[in-house]
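If you want the building blocks of each chain, they are given just below.
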Amino acid sequence: MFLSIRCETCPEANAWLKQVTGLADQSLLGVEDGFSAQHLIEDVLVGGGCFQISDLTYSGQSSQIGTFSNGLTNIGFNSGVIVATGNISIAPGPNDLNGAAFGFGINTPDADLASLTTGNTFDMANIEFDFVPTQSQVSFEFVFASEEYCEFVNTKFNDVFGFFISGPGIVGTQNLAVIPTTSIPITINNVNHMVNGGLYTHNTPASGNNCQGGNLPGIPPPSPVPAATGPAVNELQYDGFTKKMIALANVIPCQKYHIKLKIADVADGVWDSAVFLRANSFN
C-alpha cells in the first residue's frame, strides 16, 4: 500500500504554477524555462500522484523544456510541461511567422526515434525516468504542435516525437505516442490536414502560408487548406497542432518501469516542433 502526501498550502508546493500564471490576465500562451527536468516531471506532470519516481535524466538544451500556462483557448490544456526542438520562447503567439525557429542545429541520432521516421534527427530533447505504478494502467495527456505544417507535409521534414515505455509485461520498448487504436506514430506526415485530419487543428492565419501556392522549390505542394480564424492564431505561434490525445499503457502494480519522452527535428534543425503535456495528467 502506498500513501502520497502533498502540501497544498506550502509556498513551494505550487510555486511553478504561480510563476507561469503571472500573465493570467492575458490570452497569450505563456512559457517559462529555467526549471530542472526533475521538477517538471515530479511537481508539474505528476504533481503528487501515486508514483515512485527515480533515476531521472535529461539530455538537450535547458531552454528546450519548461512550463506553459494560458493554453486552454489554444492547445486545450491550461498548464503543464512543454518540450520542444528549439527554445520554447517561440511558442507564444501571435502566429506571424511561417517558419518560426530557435533551434541549435545539433545532430542528435537516436535509435528509438529512428524506428518511427527516416532521416537524420536534430536538436533532440529527451527526459527519462523510472517509475513504480500502484495501479494497472498509466496515462497522460498531450498535444503535438509544429511549424512544419502545412508546407512540409509529406516531405522528408517529418518531425517526430515518442513516449517509449519498457518494463515487466511489455515486449521490448513500446511507443505510447500513437494514433488511437493503432501503432502508427504521431508525426508531421501521419497527422495533418490531409491524413487523419480529425486529429489535426490548422493554426495558420490568412496572412501565412496555407499551401494555396508559392511553395518552396523542389517540394511538392501539399493540398490547400482554409486559413485558421480561431483564437489560437493570436495566442500560439505554431502553424498546426493535434487534438488533445492520451498516452496509455497497461502495467503491473509495484513493478519498476522506464519511460523516455523524446522529440526531435527531422532532416534539418529548423522549423521547430513541440509537445505539450497537461499538468498533473501522469496518472
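Residues numbered from 1 in each chain as written. Predicted model: local features only at pLDDT ≥ 70, side-chain atom pairs only at ≥ 80, totals over all residues. Heavy atoms only, no water.

A closer look at the sheet that holds strand E2 (residues 52–59)
Quick reminder of the rule: Should DSSP find at least two bridges between two strands, the strands are regarded as paired. Helix and strand definitions follow DSSP, with helices as H or I runs of at least four residues and strands as E runs of at least two, each counted in order from the N terminus. Any two residues having at least one pair of non-hydrogen atoms within 4.5 Å are treated as being in contact. Fitting a line to C-alpha atoms yields each axis, with helices limited to the stretch in contact; the angle taken between N-to-C directions then spans 0 to 180 degrees.
Pairing within the open sheet is antiparallel, and its five strands lie in the order E2-E5-E12-E7-E8. Every other strand in the sheet has two partners, leaving E2 and strand E8 (174–175) as the edge strands with one partner each. In the sheet, strand E7 (residues 160–166) pairs with E8 via two bridges, with the strands oriented antiparallel. From the neighbouring strand, isoleucine 165 faces E8, where its bridge partner is glutamine 174. Sitting on the sheet, helix H2 (residues 37–46) touches E2, strand E5 (121–132) and strand E12 (257–266), and the angle it makes with E2 is about 130°.

Notes on the pairing of E7
What counts is decided by this rule: Type-normalised accessible area, obtained with a 1.4 Å probe on protein chains alone, sets the label of each residue: buried when under 20%, exposed when over 50%, and partly exposed for intermediate values.
E7 sits mainly inside the fold: six of its seven residues count as buried. Where E7 meets E12, seven bridges bridge the pair, whose relative direction is antiparallel. If you follow phenylalanine 161 over to E12, its bridge partner there is isoleucine 263.

Overview of the state of the cysteines
Each disulfide consists of one covalent bond between the sulfur atoms belonging to two cysteines. Condition: Working definition: a disulfide is two cysteine sulfur atoms within 2.5 Å of each other.
Under the criterion given, the structure shown has one disulfide. One disulfide in the model links cysteine 150 with cysteine 211; its S-S distance is 2.2 Å. In this structure, the disulfide formed by cysteine 150 and cysteine 211 twists by about 130° around the S-S bond and is classed as right-handed. Here cysteine 211 lies in the loop between strand E9 (200–202) and helix H4 (232–235) and cysteine 150 lies in the loop between strand E6 (137–146) and E7, a separation of 61 residues in the sequence. Of the two residues, cysteine 150 and cysteine 211, neither departs from the other in class, the shared state being buried.

Looking at the side chain of aspartate 265
Just so we agree on the cut-off: Identification of polar contacts relies on pairs of N or O atoms within 3.5 Å, with a donor-acceptor requirement for protein atoms, meaning one able to donate a hydrogen and the other able to accept it, and with residues adjacent in sequence counted only if both atoms are side-chain atoms.
One can find aspartate 265 in strand E12. At 3.1 Å, the side chain of aspartate 265 forms a polar contact with the side chain of threonine 85. Those residues in contact with aspartate 265 that lie beyond four places of it in its chain are Thr85, Asn120, Thr121, Phe122, Asp123, Asp159, Val270, Trp271, Asp272 and Ser273.

Description of the environment of proline 224
With respect to the helices and strands, the residue proline 224 is situated in the loop between E9 and H4. Sequence-wise, proline 224 and histidine 193 are 31 residues apart; in three dimensions their C-alpha atoms are separated by 9.0 Å. With residues up to four places along the chain from it excluded, the contact list for proline 224 reads His193, Asn210, Cys211 and Gln212.

Re the environment of tryptophan 271
Positionally, tryptophan 271 belongs in the loop between E12 and strand E13 (273–278). Between the C-alpha atoms of tryptophan 271 and tyrosine 149, which are 122 residues apart in sequence, the distance is 9.4 Å. Setting aside residues no more than four positions away along its own chain, tryptophan 271 makes contact with Asn98, Gly99, Ala100, Ala101, Glu147, Glu148, Glu151, Phe152, Asp159 and Asp265.

Regarding the confidence of the model for the protein
Stated formally: Within a predicted model, pLDDT stands for the predictor's per-residue confidence, ranging from 0 to 100.
For the protein, the average pLDDT comes to 88, and 87% of its residues sit at 70 or higher. Note that pLDDT drops below 50 for residues 16–25; the model gives that stretch 19 contacts with residues more than four away or on any other chain.

Details of the pattern of salt bridges
Close approach of charged atoms allows side chains of opposite charge to pair. Formally: By salt bridge we mean one thing: a side-chain nitrogen of Lys or Arg within 4 Å of a carboxyl oxygen of Asp or Glu.
Enumeration over the complete set of coordinates arrives at four salt bridges. Note that aspartate 112 is salt-bridged to lysine 260, the shortest N-O span being 2.7 Å. Here the residue aspartate 112 occupies a position in helix H3 (residues 111–114), and lysine 260 occupies one in strand E12, the gap between them amounting to 148 residues. The pair aspartate 112 / lysine 260 is uniform in exposure class, with both members buried. In the salt-bridge network here, residues are joined through shared partners; they are Asp110, Asp112, Lys260 and Lys262.

What about the nonpolar core?
Rules: We define the nonpolar core as a collection of buried residues of types Ala, Val, Leu, Ile, Met, Phe, Trp, Tyr and Cys that are connected through side-chain atoms lying within 4.5 Å of one another.
The biggest cluster of nonpolar side chains holds 47 residues, and the ones touching the most others in it are Phe129, Phe131, Phe142, Phe163 and Phe282. Among the elements that line this core, the one with the most residues is H2, at six residues. With near-sequence residues (within four places) excluded, phenylalanine 129 lies in contact with Ile41, Ile53, Ser54, Asp55, Leu56, Tyr257, His258, Ile259, Leu261 and Phe282. Within the second largest apolar cluster, 19 residues are counted, among which are Ile88, Ile90, Ala145 and Leu236.

Section: the packing of aromatic side chains
The test is simple: Whether two aromatic rings pair depends on their centres lying within 6.5 Å, for rings of Phe, Tyr and Trp, where Trp uses its six-membered ring; planes under 30 degrees apart make the pair stacked, over 60 edge-to-face, and the rest tilted.
One pass over the full model with this rule turns up 15 aromatic pairs. Between phenylalanine 140 and phenylalanine 282 the ring centres are 5.6 Å apart and the planes differ by 25°, which places this aromatic pair in the stacked class. Remark: phenylalanine 282 occurs in the segment after E13 and phenylalanine 140 occurs in strand E6; sequence separation between them is 142 residues. Judged by its relative accessible area of 1%, phenylalanine 140 is buried. Both rings, one in phenylalanine 152 and one in tryptophan 271, keep their centres 4.7 Å apart while their planes meet at 75°; by these two values the pair is edge-to-face. One end of the pair, phenylalanine 152, is in the loop between E6 and E7; the other, tryptophan 271, is in the loop between E12 and E13, with 119 residues separating them in the sequence. Residue phenylalanine 152 shares its accessibility class with tryptophan 271, and that shared class is buried. Following the ring pairs from residue to residue traces out a cluster consisting of Phe129, Phe131, Phe140, Phe142, Phe144, Phe161, Phe163, Tyr257 and Phe282.

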